[in-house]
Amino acid sequence: MKKENVSSIGTILASFLAASCCLGPAVFVVFGTSIGVFGKLSIMEAMRPYLLGVGFLMIGFSFWKLYVRKPDCNCEADVRSMKIARSIWWLGFASLVFAATFQKAILLIYG
């Protein structure tokens, strides 16, 4: 697997972990229910800035590998794999932006 794909998938994982402290309870609050076990995820809140930092570093590395650096060859297989890698990058970028901003959005909506 290419380094930029691993980095983009790592970004998605870091975004999920950064949002795990509050995303689960927020979903249940939207539907008007609550589950006490999600209170145990509050330990992830202390790690959230570090996970977001790791996510931003990974997404930056992937951006550099996919968009800034010149490709080694322009063969057909490389172009196809580059399109797949860029799709994964955009998914990772969207999940990172969501993980970084969803708490403020929920506060604006329900606060």
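As the structure is a prediction and not an experimental result, all values here were calculated from the model. (Residues numbered from 1 in each chain as written. Predicted model: local features only at pLDDT ≥ 70, side-chain atom pairs only at ≥ 80, totals over all residues. Heavy atoms only, no water.)

**Topic: helix α2 (residues 48–68)**
When the terminal C-alpha atoms of α2 are compared, their 29 Å separation across 21 residues agrees well with the 30 Å that a helix rising 1.5 Å per residue should span. Taken as a whole, α2 has its buried residues at R48, L51, L52, G55, I59, S62, K65 and L66. Buried residues of α2, viewed axially, fall in a sector of 155 degrees; they line one side. Residues P49, Y50 and L57 are exposed on α2 and point more than 90 degrees away from its buried face. (Helix = DSSP H or I, 4+ residues; strand = E, 2+ residues; numbered from the N terminus. Expected span 1.5 Å × (residues − 1). Buried < 20%, exposed > 50% of the residue type's maximum accessible area, 1.4 Å probe, protein only. Arc of directions from axis to C-beta.)

**Thoughts on the packing of aromatic side chains**
Both the distance between ring centres and the angle between the ring planes are used here to describe each pair of aromatic rings. According to the stated counting rule, one finds eight aromatic pairs in the structure shown. With centroids separated by 4.8 Å and ring planes inclined at 90 degrees, the aromatic side chains of W89 and W90 adopt a geometry described as edge-to-face. Under the relative-accessibility criterion, W90 is labelled partly exposed at 47%. The rings of F63, Y67, W89, W90 and F93 are connected pair by pair, giving a single aromatic cluster. Seen from the ring of W64, R69 lies directly overhead, with NZ or CZ sitting 5.9 Å from the centre. (Phe/Tyr/Trp six-rings, centres within 6.5 Å; stacked < 30°, edge-to-face > 60°. Lys NZ or Arg CZ within 6 Å of the ring centre and 35° of its normal.)

**Details of the nonpolar core**
Formed by 13 residues in total, the largest nonpolar core has its most connected members in L52 and L66. Broken down by element, this core gets its largest block of residues, six residues, from helix α3 (residues 76–110). (Core = buried A, V, L, I, M, F, W, Y, C linked by side-chain atoms within 4.5 Å.)

**Concerning the confidence of the model for the protein chain**
Detailed reading of the predicted coordinates is not advisable wherever pLDDT is low. Looking at the protein chain, the pLDDT average stands at 77 and 72% of residues meet or exceed 70. Across the protein chain, the element-wise mean pLDDT spans from 73 in helix α1 (residues 3–30) up to 86 in α2. (pLDDT = per-residue confidence, 0-100.)

**Details of a nonpolar patch on the surface**
On the surface, F61, F63, W64, Y67, V68, W90, F93 and V97 cluster together to form a nonpolar patch covering roughly 720 Å² of accessible area. Of all the elements in the fold, those that place two or more residues in the nonpolar patch are α2 and α3. A total of five residues in the nonpolar patch trace back to one element, the largest contributor, which is α2. Of note, V97 is situated in helix α3. Since its relative accessible area comes to 35%, V97 is described here as partly exposed. (Patch = residues over 30% accessible without salt bridge, like charges linked within 9 Å, V, L, I, M, F, W, Y side chains within 5 Å. Areas by Shrake-Rupley, 256 points an atom, 1.4 Å probe, with all protein chains shown as cover. Salt bridge = Lys/Arg side-chain N within 4 Å of Asp/Glu carboxyl O.)

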